[in-house]
Amino acid sequence: MAEQLRVGDRETTAQRLLNGTARKFYDPEVDIDWDAPLAEGKFFIPPNLVSLYGTRMWDEMTHEQRVELSRQEMMNTVSVGIWFENILNQLLLRMAYKQDPTSKHVHYELAELAEETRHMTMFGMLIGKAGGPAYRNDFLLHNGGKLLPLIIGGPTVWVATLVGEEIFDSLQRDFMNHPDLQPHVRQVMRIHVLEEARHIRFAREDLVRRMARTPWYGRFVARFAAGFGAYLLKSVLTRPEVYRRAGLDVRRARREARGNAHIHATYARAFEKLRSFLHDQGLVKGPNKVFWRLAKVHPDGKGVG
Ligand SMILES: [Fe+2]
Ligand SMILES: [Fe+2]
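These numbers were taken from a predicted model, which means no experiment stands behind them. (Residues numbered from 1 in each chain as written. Chains lettered and ligands numbered in written order. Predicted model: local features only at pLDDT ≥ 70, side-chain atom pairs only at ≥ 80, totals over all residues. Heavy atoms only, no water.)

Student: Help me understand helix α12 (residues 261-280), please; the structure alone is not making it clear to me.
Tutor: In an α-helix, one turn spans 3.6 residues; hence positions three or four apart end up facing the same way. For α12, with 20 residues, the first-to-last C-alpha span of 27 Å sits near the 28 Å given by 1.5 Å per residue. Approximately 45° is the largest bend angle found in α12, and it occurs at E272. Turning to α12, its buried residues number three or more, namely I263, H264, T266, Y267, A268, A270, F271, L274, R275, S276, F277 and L278. In this structure, the buried residues of α12 make contact with α7 (155-175), α8 (183-211), α9 (216-237), α11 (250-258) and α13 (289-294). Downstream of α12 by one or two residues, G282 has phi in the positive range, about 75°. (Helix = DSSP H or I, 4+ residues; strand = E, 2+ residues; numbered from the N terminus. Expected span 1.5 Å × (residues − 1). Bend = angle between axes of the 7 residues up to and from the residue. Buried < 20%, exposed > 50% of the residue type's maximum accessible area, 1.4 Å probe, protein only. Contact = heavy atoms within 4.5 Å.)

As structure tokens, this is what we get:
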């Protein structure tokens, strides 16, 4: 059970977050030492977060192959992050378009948009530094991403936001202090975790406020978005293209990753804080639970492991 979220007045929250933004923010172009060389032999995500960690295939891989797979999985994760933040920024801009430009709420939406813009640049620079190329989406994801900002509204906006932000946040908290990690990745994750904490606060509080006045069909859509979003995110974070690029046997790698209880448990932990919060908002129930189970991130055991 998540702790009950105390929701303040909309303008008060926005003002507090604006104060925090003014006090502490980063410019990744100058705050990260991009000229420093990559560290020889270090991982791009911690080894225990690599999808094959703990499998027989992992045991057979050399250190270089493991580092290469971690490089590919980092570039994939960050590419997904750019895709997601681009969609989020379109949503933020569309919300600001409709609302009172003198309100603190709109000012914070624009402050968040500015931070996400810098994050996209930072992620792009990280992919470049790691040697690239960025991962591209397939036809459905690419065009679905163009459609989403036009069709979603109400609490679903914040549900989609939180599915992206909280999962990355949980994983990156694990990333950022790992001793075997490339220093550039560590710096990027520290900046991201600090700034995202404000975004998550904003999204969670506004979701709670909106849920109180959302009719049944809005709740229905939000529940679907929560489950499908969780499933989609888990799927794109583990796409087979990373194995092909890492020079591994794709079929075997997929099979071993699918049966890797360690990685499913790691992701289930990363999803848990959000799942439990959404559950308390009545957004993880009914038939949509099937998506959480398919993603293997539901704690009732069905499909986990
Ligand atoms: Fe971000
Ligand atoms: Fe964010």
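Student: For this particular structure, what's the right way to read the pattern of salt bridges?
Tutor: Within the structure shown, the criterion is met by 14 salt bridges. For E205, the salt bridge identified is with R201, shortest N-O distance 3.1 Å. Here the residue E205 and the residue R201 both occupy positions in helix α8, the gap between them amounting to four residues, near one helical turn. What emerges from the salt-bridge pattern is a single network uniting R10, R201, E205, D206, R209 and R210. (Salt bridge = Lys/Arg side-chain N within 4 Å of Asp/Glu carboxyl O.)

Student: Would you mind going over the side chain of T161 with me for this structure?
Tutor: Along the polypeptide, T161 turns up in helix α7. The class of T161 is buried, set by a relative accessible area of 1%. Those residues within four positions of T161 in sequence are excluded, and the remaining contacts are F84, L88 and A203.

Student: For this particular structure, what's the right way to read helix α5 (residues 104-130)?
Tutor: For α5, with 27 residues, the first-to-last C-alpha span of 39 Å sits near the 39 Å given by 1.5 Å per residue. In the segment just after α5, G131 is the residue with positive phi, at about 110°.

Student: Would you explain the coordination of the iron ion (ligand 1) in this entry?
Tutor: Ideal donor angles around a metal are set by the shape: a four-donor tetrahedron calls for 109.5 degrees, a six-donor octahedron for 90 or 180 degrees. Protein coordination at the iron ion (ligand 1): the donors are E85 (OE), E116 (OE), H119 (ND1), H192 (NE2) and E196 (OE), at 1.8 to 2.3 Å from the metal. A separation of 3.7 Å is found between the iron ion (ligand 1) and the iron ion (ligand 2), which share E116 as a coordinating residue. Of this pair, E116 sits in helix α5 while E196 sits in helix α8, and the two are 80 residues apart along the sequence. (Donors = N, O, S within 2.8 Å, 3.2 Å for Na, K, Ca; no water.)

Student: Could you clarify how one ought to interpret the coordination of the iron ion (ligand 2) in this entry?
Tutor: At 1.9 to 2.5 Å from the iron ion (ligand 2) lie its protein donor atoms, namely E116 (OE), E165 (OE), E196 (OE), E196 (OE) and H199 (ND1). Donor residues binding the iron ion (ligand 2) come from one chain and are separated in sequence as E-x48-E-x30-E-x2-H.

Student: Could you clarify how one ought to interpret unusual backbone geometry in this entry?
Tutor: In terms of backbone geometry, most residues other than glycine have negative phi values and most peptide bonds are trans. In this chain, G132 is followed by P133 through a cis amide linkage whose omega measures -5°. Here P133 lies in the loop between α5 and α6 (139-151). In this structure, K296 is a non-glycine residue whose phi angle is positive, near 60°. Position of K296 among the secondary structure elements: in the segment after α13. The class for K296 is partly exposed, based on a relative accessible area of 22%.

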